[in-house]
Structure formats: C-alpha cells, structure tokens
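Summary of the model geometry
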Amino acid sequence: MREHVRSVLRIVFTAEDLALTRLATRTDLLWEMVGSLHRLQSRDSDRALAAWRRQAHLRLTERGLLPSSRAVLLPLAPRGPYFPDFLTPIQAQLGDEAAFQALVDTPRKRVRSEMEVLRRSSGLPSADLEELARGDQGSMRRLGRVVAGYCRAVLTPHWSEIDRALATERAIMQRHLFTGGAEQMLANLTSAIRWRPPVLEVDYPAGAGREIQLRGRGLTLIPSYLGRGNPVALVDPALPPVLTYPIPRRTTSNAQAGNALEALLGRTRAEILNRISHTPAAAPANCPRRRHLSLHGE
C-alpha cells in the first residue's frame with residue numbers, strides 16, 4: 001500500500017452495467033471498521049492520527065477489548081494487499097444488524113478459503129485466527145461479538161461526523177448521477193479513479209492490479225470516511241461487484257473544526273489538536289502509559 005510503484009485495477013463495463021451502477025444508500029459500518037483498523041496500524045508520525053489512535057486504544061482498554069483487537073481484528077485486516085472479503089458483506093447496505101448477521105453467517109467453506117488466502121498473504125499469527133480458519137460457527141459468533149464491541153468502542157463516538165461527511169459525498173455523487181448519468185458520476189469520484197469508457201481505471205498497490213469484467217452485474221460504489229490509500233474492490237469475482245473509495249477532502253471542508261477524525265482527513269491541525277488535548281480521552285492525567293499506547297504495544 002505504501003509503495004510508490006502502482007498497478008491498475010480495470011473494471012470493464014457494458015451498457016447494461018452502466019444502467020445497474022449504483023451508489024451506497026447508507027454509511028457502511030464494516031467498511032468503516034476496516035478503514036479504522038488500517039489507520040490504527042499506520043506507522044506515520046502525524047500528530048492528529050497519533051492522538052486518535054490513543055483515544056481508540058483507551059476506549060478498547062476500558063471495555064476489555066484490547067486483547068481481542070490485537071489477536072483477531074488487526075491481523076485479520078492487515079495493511080497488506082489482502083483481507084478477507086467476508087469482513088465487508090454487501091448486506092451492510094441493509095443496516096448494521098444485517099451486516100453483523102451476514103458476517104456471522106458466512107458459509108464455512110468460504111471462511112476457510114478466504115482465511116487460507118490470508119495465511120499465504122500475511123500469515124495467521126494467533127491461535128484465535130487458526131481457530132477462525134477452521135470455519136466453525138462458534139468462532140464466527142465470537143468474531144461477530146468482537147466486531148460489534150470494537151465498532152461501539154471506536155466508531156460510535158465519531159459516528160455523527162462520519163455519517164454527515166458520507167451523506168455529503170453521496171449527495172454530490174447523486175447530483176452527478178441525476179444530471180449526467182452513471183458516466184458523469186464515475187468521472188467525478190477521486191483522482192485515483194479514472195473513467196475511460198468502457199473501463200474504470202483504479203490506482204492499486206504494486207503487483208495487485210487485475211481486471212474485473214462486470215458482465216451485466218453492475219457496480220456498487222461505497223464512499224468511505226476512514227478508508228485511506230487506494231480504493232478497494234472485493235477479491236472474489238463471484239461476489240457482487242463493489243468498489244469502496246476514500247472520500248476526497250471536499251466533503252469535510254464545511255464540517256465543524258474540533259474533531260479528531262476530521263483532522264485525519266485534512267482539517268486544520270492546530271484547531272483539532274487543541275480540542276483533542278482538552279478531551280478526557282487524550283488528557284495527560286488519563287494517559288499514564290503514553291509510551292505504550294499503540295495497539296501493537298509500541
């Protein structure tokens with residue numbers, strides 16, 4: 001993800017695919033979860049990002065979720081070229097409960113197959129992941145509980161800002177769709193995505209480029225607030241085609257200053273850090289172990 005050399009993901013449309021191209025109708029909780037996990041694993045020195053990571057660490061610690069986040073969620077969604085598709089089911093567009101249920105109900109064969117890909121890509125560094133790789137229903141139910149707890153601890157405190165920014169992005173994209181059709185919408189996503197009819201070209205990590213033939217299935221576009229780096233498509237060609245992309249800074253330009261997540265997307269750092277420094281989660285008095293706040297124990 002951090003390499004300068006890039007590949008290209010090519011998504012090939014037919015006229016039928018253009019007619020079936022759609023925009024997500026709601027904020028996708030599980031794509032935001034994956035984006036937040038990638039941010040927590042970031043190694044950059046951005047002060048605002050570091051402050052947000054401290055807040056997340058403290059909330060997870062307070063709820064007793066830090067061990068399971070380290071052992072399960074972080075290695076399940078590494079910042080490498082692959083994480084399992086079952087973490088981001090399309091059913092999330094039906095609501096959060098539907099998303100959790102779809103995750104838990106992932107067929108055993110699919111869990112085992114995708115975990116094997118993860119093993120080859122990044123490894124399975126914990127006994128919890130080895131158990132999950134066997135695909136038994138009990139391990140998936142435990143994963144569902146960990147995911148739900150993590151989302152409540154890390155995402156819920158910021159949900160109004162996340163939802164507001166994504167609603168703005170969806171409104172902009174819907175305007176393009178209504179005034180110029182799917183092609184105008186595809187041409188106005190982000191600089192990492194280029195519409196060159198009949199192909200949508202997407203910047204991708206080095207060595208990960210490939211081609212997706214939609215063949216009349218259409219494409220669902222899912223804007224992401226916490227996603228960073230490249231847009232992401234599901235790996236399994238049998239799944240409904242999806243492309244999630246980090247929203248551009250334009251959607252946060254009118255948001256109120258004073259939120260740590262907004263700082264991560266480009267708000268004036270001085271204002272943000274000033275607010276963060278006055279919140280209980282970031283106050284020095286509440287951070288006696290500041291040198292050890294990374295989820296990796298740094």
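Scroll up for the structure.
Conventions used here
- Residues numbered from 1 in each chain as written.
- Predicted model: local features only at pLDDT ≥ 70, side-chain atom pairs only at ≥ 80, totals over all residues.
- Heavy atoms only, no water.
- Salt bridge = Lys/Arg side-chain N within 4 Å of Asp/Glu carboxyl O.
- Buried < 20%, exposed > 50% of the residue type's maximum accessible area, 1.4 Å probe, protein only.
- Helix = DSSP H or I, 4+ residues; strand = E, 2+ residues; numbered from the N terminus.
- Pairing = 2+ DSSP bridges.
- Axes fitted to C-alpha atoms, helices over the stretch in contact; angles between N-to-C directions.
- Contact = heavy atoms within 4.5 Å.
- Parallel < 35°, antiparallel > 145°, perpendicular 65-115°, else oblique.
- Left-handed = near helix turned anticlockwise from the far one by under 90°.
- Nonpolar A, V, L, I, M, F, W, Y, C, P; charged D, E, K, R; others polar.
- Core = buried A, V, L, I, M, F, W, Y, C linked by side-chain atoms within 4.5 Å.
- Phe/Tyr/Trp six-rings, centres within 6.5 Å; stacked < 30°, edge-to-face > 60°.

**Details of the pattern of salt bridges**
What the rule picks out here adds up to nine salt bridges. With a closest N to O distance of 3.7 Å, arginine 63 and glutamate 62 form a salt bridge. The exposure class of arginine 63 is partly exposed, given its relative accessible area of 45%. Under the relative-accessibility criterion, glutamate 62 is labelled exposed at 64%. Between arginine 110 and glutamate 114 there is a salt bridge, with the nearest N and O atoms lying 2.7 Å from each other. Taken together, the positions of arginine 110 and glutamate 114, both in helix H6 (residues 108-121) and four residues apart, correspond to about one turn of that helix. Looking at glutamate 114, the relative accessible area reads 5%, which means it is buried. Salt bridges linked by common partners bring Arg194, Arg196, Glu201 and Asp203 together as one network.

**Some details on the sheet that holds strand E3 (residues 193-196)**
The strand order E3-E4-E1-E5 describes an open sheet built from four strands, whose pairing is mixed. Of all the strands in the sheet, the pair left with one neighbour each is E3 and strand E5 (210-213). Strand-to-strand, the axes of this sheet are offset by a mean angle of 20°, without reference to chain direction. Sheet analysis places strand E1 (residues 6-12) next to strand E4 (residues 199-205), joined by seven bridges and oriented antiparallel. Looking at the pairing, serine 7 lines up with tyrosine 204 of E4.

**A word on the sheet that holds strand E2 (residues 22-23)**
Spatially, the four strands line up as an open sheet ordered E2-E6-E8-E7, and their pairing is mixed. At either end of the open sheet lies a strand with only one pairing partner, and these are E2 and strand E7 (232-233). Pairing analysis gives five bridges linking strand E6 (residues 220-224) to strand E8 (residues 242-246), with the strands arranged parallel. Looking across to E8, one finds that isoleucine 222 is bridged to threonine 244. Along the sheet face, helix H2 (residues 29-40) touches E6, E7 and E8 and points at about 50° away from the line of E6. Sheet contacts for helix H9 (residues 159-186): E2, E6 and E8; angle to E6, the most-contacted strand, approximately 150°.

**Looking at the packing of helix H3 (residues 47-62) against helix H8 (residues 137-155)**
Two elements in contact, H3 and H8, have axes separated by 9 Å at closest approach and are oriented at 130°. As judged from the angle between their axes, H3 and H8 are oblique. The interaxial crossing formed by H3 with H8 has right-handed handedness. Residues Trp52, Ala56, Arg59 and Leu60 of H3 form the contact with H8, whose participating residues are Tyr150, Ala153 and Val154. Of the residues contributing to the contact of H3 with H8, the split by class is six nonpolar, no polar and one charged.

**Considering the nonpolar core**
Ile11, Met33, Met115, Leu143, Leu200 and Leu243 are the most contacted members of the largest nonpolar core, which totals 77 residues. With ten residues, H8 is the largest single contributor of residues to this core. Look past the residues within four positions of isoleucine 11 in its chain and what remains in contact with it is Pro198, Val199, Leu200, Val202, Ile212, Leu214, Leu219 and Leu243.

**Structural notes on the packing of aromatic side chains**
Scanning all chains against the criterion turns up two aromatic pairs. Arranged with centres 5.2 Å apart and planes meeting at 85°, the rings of phenylalanine 13 and tryptophan 195 form a pair that is edge-to-face. Placement of the pair is phenylalanine 13 in the loop between E1 and helix H1 (15-20) and tryptophan 195 in strand E3, with a sequence separation of 182 residues. When sorted by exposure, phenylalanine 13 lands in the same class as tryptophan 195, which is buried.

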